[in-house]
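Listed below are the residues making up each chain.
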Amino acid sequence: MKVKKYTASSMPEAMKQVRAELGSDAVILNSRVIQTGGFMGFFRKNNIEVIAAIDPDTEISMEPAKQEKSQRDPLIKKSLKANEHLPILQQANPAVQISNGNSELIKEIAQLKELLKSKGVQPDIPVSLPEPVSRQLQYFKIQELETELIDELAATLLEKWYLGGGAANTEEIGKWSAEAFAQKLADHSFGGISFQKKFVNVIGPTGVGKTTTLAKIAAECVLKHQKKVAFITTDTYRIAAIEQLKTYAKILDVPIEVCYNIEDFQTATNRFKDYDVVFIDTAGRNFRNQKYVSDLRNVIDFNNDMETFLVLALTSKQKDMEEIRNQFSLIHIDKFIFTKLDETSVYGAMLNMSQKFSTGIAYLTNGQDVPDDLIEANPKIIVNTILGVSSYE
């Protein structure tokens, strides 16, 4: 398979270049608008960049007119209704027969995969991809997966599609996607508290459900693992928050201490030295302000045998999640907890954040009920949730 990149001032001009060099059987793998020229960032011109490919071994056994009609991608037909000025290129036969001994073609497909991985930001899924692949990638755009992850997946799915003879169904495409995502998550740590550290701390912005989530985890420790637990709260900014945690402590029949400074915190930790797990609730503040993160360090000793979870709501914008995580860069975050799973239908941020910050996921929450609406995370649950097939098992 011969792959080449072309740059032109317009799509018709780019198509001319593709036809002149690769012929009318070329496949348009990708196209995007790029900016070139200019001076000091001004007066830059928009150009079209096209990546095209041709399989030199594709056999043409039909009359040209009939072949063009039968091989044209249905998605290209649909696109041409809205873009009638674009010239028509035939799509190479997807059912390319690849023998086990054809190592050269397999090598070329691997090179194609690397080329697609290294391409720049692409705002739209190429219309010339096989329809099941294109449909799957469009779904992941709706799930707001990072463009880079979608590009890598596109290369993987395209490789498997052609190696498999170009006849995969939607279920197989979904399975390939799940395998690719699971591999992405394989290097990260998943699951709930480890019970290897005495203190469990939850931090995060206001309104994400930290206190309720903490109560759910504590209830699971008491009811499921029969652990001796206690609460410490540093959320002295909201009286309601203290009362809420006191209510949970009363229901679970566990002690609670309120801490205003590092001395109070040390006193509380000494009081609970014989307990299995001590849960720490922090104030929900505007953590875009670095001062609030510093305030936390003045109240809590993060170096004292502690496991720390950053709680983020899936209803938030990913950009906000990233800013919050960056503000906590001075504090070691063991894992994420994602809340409000039941309040959104878009879950791509879980994979995006895990990849971007090389951090695993401890729990997901999907409601307000304590202790029921708590899901211990693992790669399968994360992937299935994004794919829309999760039963949380």
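A quick note: this is a predicted structure, and the numbers were derived from the prediction, not measured. The residue numbering used here restarts from 1 in each chain and proceeds along that chain's sequence as written. Selection of residues for local features in this predicted model requires a pLDDT of at least 70, selection of side-chain atom pairs for listing and counting requires 80 or more, and totals for whole chains, interfaces and linings are taken over all residues. With hydrogens and water excluded, all non-hydrogen atoms of the structure serve as input to the side-chain values.

**Student:** Explain the packing of helix α6 (residues 147-163) against helix α7 (residues 170-185) to me, please; I cannot follow it from the model alone.
**Tutor:** Each packed pair of helices is defined by two parameters, the angle between the axes and the distance between the axes. One way to put it is that α6 packs onto α7 with a least axis distance of 10 Å and a crossing angle of 130°. By the angle class used here, α6 and α7 are oblique. α6 and α7 meet at a crossing whose hand is right-handed. Facing Leu149, Glu152, Leu153, Leu157, Lys160 and Trp161 of α6, the residues of α7 in contact are Ile173, Trp176, Ser177, Glu179, Ala180, Phe181 and Lys184. Amino acids are sorted into nonpolar (Ala, Val, Leu, Ile, Met, Phe, Trp, Tyr, Cys and Pro), charged (Asp, Glu, Lys and Arg) and polar (every other residue, Gly among them). Taken together, the residues of the contact of α6 with α7 sort by class into 8 nonpolar, 1 polar and 4 charged. Axis definition: a line fitted to C-alpha atoms, limited for helices to the stretch in contact. Angles are taken between N-to-C directions and run from 0 to 180 degrees. Each helix is a run of DSSP H or I of at least 4 residues and each strand a run of E of at least 2, with the numbering of both proceeding from the N terminus. Here the word oblique covers every angle except those under 35 degrees (roughly parallel), over 145 (roughly antiparallel) and from 65 to 115 (roughly perpendicular). With the far helix as reference, a near helix turned anticlockwise by less than a right angle produces a left-handed crossing, and one turned clockwise produces a right-handed crossing. Only heavy atoms enter the contact rule, under which two residues are in contact if any of them lie within 4.5 Å.

**Student:** I'm lost on the pattern of salt bridges in this one. Help?
**Tutor:** Where side chains of opposite charge bring their charged atoms close, a pairing between them can arise. For this analysis, a salt bridge means a side-chain nitrogen from Lys or Arg found within 4 Å of a carboxyl oxygen belonging to Asp or Glu. In this structure the tally under the stated criterion is 5 salt bridges. With a closest N to O distance of 2.7 Å, Glu21 and Lys4 form a salt bridge. Taken together, the residues span a long stretch of sequence, with Glu21 in helix α1 (residues 11-22) and Lys4 in strand β1 (residues 2-8) at a distance of 17 residues. Between Lys184 and Glu152 there is a salt bridge; the shortest N-O distance is 2.4 Å. Placement of the pair is Lys184 in helix α7 and Glu152 in helix α6, with a sequence separation of 32 residues. Relative accessibility under 20% of the residue-type maximum defines a buried residue, over 50% an exposed one, and the middle range a partly exposed one, all with a 1.4 Å probe and only protein chains included. Since its relative accessible area comes to 26%, Lys184 is described here as partly exposed. A relative accessible area of 17% means that Glu152 is categorised as buried.

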